[in-house]
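Structure assessment
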Amino acid sequence: VTEKEVVDAFLDLAKKHLVEFDAVYRGGPIFDVREDDSIFMSLAAYREHLLAATLRQAFSHAANPDRIFIGAVVQNCFGIESTCRTGVQVVGKDSNGRPITKVSDAPPDVNGIDEFCNDQDYSKYCESGQVRALYVNETESVGPAAARYLASKLWGGETYFVQSDSHLEFAQNWDVLYTKEVQ
C-alpha cells in the first residue's frame, strides 16, 4: 500500500462520514447555548489507564458536579478484532549499552468510561447523560487532533467548553475557578 493510497482512503472516509456530520454545525451551533453555567469537558484518550481516575477527580473536585458534562473519545485496544500489543519496552541493554527493545502481546485495555460508570459513587453522572463517549479501536485511531475534533462534536450546548487531557488531577472547586477566569 502506498502513502497516496492511505491518504486517499482517509480522505474518502472523512468525506463519507465527517463532512455530512460537520455540515450540521455550519452557520451556528447545533444546540442552543445553555445559560446554566454548565461546563463541557472534551477529552481524547489513547489507551489511557488514568481516564477513570481523571473523571472521578473532575466530578469529586467540582463545586457543582451536576453542571459538568464529559465528551470522551476512547481509543483503546478492545481485543475484539486484533491482538493487543504493548508499546516498545526496554528489556535490557546490549554489549554496547544500547537499549534492547521488544513489543509483546497484552491484554485488552481497561475501559475507563466503564470503570467510572460502574463506580457506585459516580454512576449517577453516566445515568443522567453527563458522560458521552465515542469508542475507536486503537488500530483505527488517526491521532490526537482527530480525536479532539470528534470529542468536540459531543458538546450538547453547555455554557462553557474546555479541552483537557485524560490524565489530570483537579484543584478543589476547579469548575468555579475556571468559569471565573473565562468570564
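Above this text you will find the structure in question.
Since this is a predicted model, take the numbers as computed values, not measurements. Each chain has its residues counted from 1, following the order in which its sequence is written. For a predicted model such as this one, the threshold for reporting local features is a pLDDT of at least 70, and the threshold for listing and counting side-chain atom pairs is 80 or more; totals across whole chains, interfaces and linings nevertheless cover every residue. Side-chain figures throughout are based on the complete set of non-hydrogen atoms in the structure, without hydrogens or water.

**A short note on the sheet that holds strand β8 (residues 160–164)**
Here is the rule we go by: Strands are labelled as partners when DSSP assigns at least two bridges between them. For helices the rule is a DSSP run of H or I covering at least 4 residues; for strands it is a run of E covering at least 2, with both sets numbered from the N terminus onward. Here an angle of 0 to 180 degrees is reported between the N-to-C directions of two axes, which are lines fitted to C-alpha atoms, with helices fitted over the stretch in contact.
On the basis of which strands lie adjacent, the open sheet formed by four strands has the order β7-β2-β1-β8 and parallel pairing. Each edge of the open sheet is held by one strand with a lone partner, namely β7 (131–137) and β8. The sheet shows a mean angle of 15° between the axes of neighbouring strands, taken without regard to direction. In terms of strand pairing, strand β1 (residues 39–46) meets β8 through five bridges, oriented parallel. Bridging across to β8, Ile 39 finds its partner in Tyr 160.

**Focus: the state of the cysteines**
Stated precisely, the cut-off is as follows: Cysteine sulfur pairs qualify as disulfides if the two atoms are within 2.5 Å. Buried means the residue's accessible area, taken with a 1.4 Å probe over protein chains only, is under 20% of the maximum for its type, while exposed means over 50%, and partly exposed covers the values in between.
Tallied over the entire structure, the rule returns two disulfides. The disulfide partner of Cys 77 is Cys 84, and the gap between their sulfur atoms is 2.0 Å. The chirality of the disulfide connecting Cys 77 with Cys 84 is left-handed, given an S-S dihedral of about -90°. No difference in accessibility class separates Cys 77 from Cys 84, as the two residues are buried. When the cysteines of the chain that form disulfides are numbered from the N-terminus onward, they connect as 1-2, 3-4.

**Considerations on the side chain of Glu 158**
For Glu 158, the location among the structural elements is in the loop between α5 (144–152) and β8. Judged by its relative accessible area of 1%, Glu 158 falls in the buried class.

**Observations concerning the nonpolar core**
For clarity, the threshold we go by: In plain words, nonpolar cores are sets of buried Ala, Val, Leu, Ile, Met, Phe, Trp, Tyr and Cys residues tied together by side-chain atoms within 4.5 Å.
One finds Met 41, Phe 59, Ile 70, Ile 113, Phe 116 and Trp 174 to be the most contacted residues of the largest nonpolar core, which totals 26 residues. Those elements giving two or more residues to this core turn out to be β1, α2 (51–60), β2 (68–76), α3 (112–117), α4 (123–127), β8 and α6 (174–182). For this core, the element with the highest residue contribution is α2, accounting for five residues. Core analysis: the second largest hydrophobic core is formed by five residues, Ala 44, Val 73, Ala 147 and Ala 151 among them.

**Thoughts on helix α1 (residues 3–23)**
Short version of the rule: Expected helix span is taken as 1.5 Å per residue step, with the number of steps being one fewer than the number of residues. Take the seven residues that end at a residue and the seven that start at it, fit an axis to each, and the angle between those axes is the bend at that residue.
With 21 residues, α1 extends 28 Å from end C-alpha to end C-alpha; this agrees with the ideal 30 Å at 1.5 Å per step. In α1, a bend of some 40° at Lys 15 exceeds every other bend along the element.

**Here we look at a nonpolar patch on the surface**
Note the threshold: Here the term patch refers to residues with relative accessible area over 30% and no salt bridge, with like charges joined within 9 Å and nonpolar side chains (Val, Leu, Ile, Met, Phe, Trp, Tyr) within 5 Å. Using a 1.4 Å probe, the Shrake-Rupley method yields the accessible areas, and only the shown protein chains count as cover for residues. Here, a salt bridge means any side-chain nitrogen of Lys or Arg that lies within 4 Å of a carboxyl oxygen of Asp or Glu.
Residues Val 7, Phe 10, Leu 11 and Val 142 make up a contiguous nonpolar surface patch of roughly 340 Å² in combined accessible area. With respect to the helices and strands, the residue Val 7 is situated in helix α1. On the basis of relative accessible area, Val 7 is assigned to the partly exposed category, the value being 41%.

**Overview of the packing of aromatic side chains**
As a reminder of what qualifies: Planes of paired rings set the category: under 30 degrees apart is stacked, over 60 is edge-to-face and the rest tilted, where pairs are Phe, Tyr or Trp rings (Trp by its six-membered ring) whose centres lie within 6.5 Å.
Tallied over the full model, the rule gives eight aromatic pairs. Judged by centre distance (4.2 Å) and plane angle (20°), the ring pair of Phe 59 and Tyr 125 falls under stacked. Placement of Phe 59 in helix α2 and of Tyr 125 in helix α4 is noted, with a sequence separation of 66 residues between them. Exposure class is identical for Phe 59 and Tyr 125. Each is buried. Relative to Trp 174, the ring of Phe 170 lies with its centre 5.1 Å away and its plane at 45°, an arrangement referred to as tilted. Residue Phe 170 is classed as buried on the basis of its relative accessible area of 12%.

Remember, this is a structural readout, not a statement about activity or role.
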